[in-house]
Amino acid sequence: NAGVTQTPKFQVLKTGQSMTLQCAQDMNHNSMYWYRQDPGMGLRLIYYSASEGTTDKGEVPNGYNVSRLNKREFSLRLESAAPSQTSVYFCASRDSGSSGDYEQYFGPGTRLTVT
Amino acid sequence: SQQGEEDPQALSIQEGENATMNCSYKTSINNLQWYRQNSGRGLVHLILIRSNEREKHSGRLRVTLDTSKKSSSLLITASRAADTASYFCATRSPGTYKYIFGTGTRLKVLA
């Protein structure tokens, strides 16, 4: 049981390049999330997917797109990277029963630097 | 910004002492959760408290919640060097799947 996995672990991009961050979970969770973490800012929600086939914007969606490929996988795409997108990106998943009181499980993160 | 705030931003204590960190949030909530993040790692869930609960315990952790003040505190008793980490609160409002994280408290426990 690997939990939440993310690839790549590290990436350096030049301004204007594109890339996709991959996330997969093997816990059969319905909900998945993408966050970014900047120094002193905590985690900020970029996009989330409440269930397979749905995606919604979070607090900081500009410059990003997402795809919920199936129940396991949720990818984050940067179409034209900018230095302001230099950050650590975390994927998380959560079960979503009727009570809503479930913890999130986080991946190990992707450190992205845009020069 | 919707982010909650935590204080102190940083805390340094001796092993065996208690550590208290506070979280304030802005909207009504369904539950509040605390997470720990070791340096360079993902977040790990510690404890969840529902909006109708006032206090919860788990091992050396004690969480309180005051919804009238929109605040929560996390107490770690008899701290250990292994407790050195950043601690974040996260809130979820009713009817939403979104979580709002606080800015975190960096705890350093000196052996």
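Residues numbered from 1 in each chain as written. Chains lettered and ligands numbered in written order. Predicted model: local features only at pLDDT ≥ 70, side-chain atom pairs only at ≥ 80, totals over all residues. Heavy atoms only, no water.

Colleague: A description of the state of the cysteines should follow, citing residues and the corresponding values.
Modeller: Residues and elements named next belong to chain A. Using the criterion set out here, one finds two disulfides over all chains in the structure. One disulfide in the model links C23 with C91; its S-S distance is 1.8 Å. On the sign convention where negative means left-handed, the S-S torsion of about -70 degrees between C23 and C91 marks this disulfide as left-handed. Here the residue C23 occupies a position in strand β3 (residues 19-25), and C91 occupies one in strand β9 (residues 87-94), the gap between them amounting to 68 residues. Pair check on accessibility: C23 and C91 agree, each one buried. (Disulfide = S-S within 2.5 Å. Helix = DSSP H or I, 4+ residues; strand = E, 2+ residues; numbered from the N terminus. Buried < 20%, exposed > 50% of the residue type's maximum accessible area, 1.4 Å probe, protein only.)

Colleague: Account for the environment of A:V114, naming residues and giving values.
Modeller: Residues and elements named next belong to chain A. Tracing the chain through its elements places V114 in strand β11 (residues 110-114). Given a relative accessible area of 6%, V114 falls into the buried group. A C-alpha to C-alpha distance of 8.9 Å links V114 and Q17, two positions 97 residues apart in sequence. V114 has contacts with L13, K14, T15, A81, A82, P83, Q85 and T86, leaving out every residue within four places of it along the chain. (Contact = heavy atoms within 4.5 Å.)

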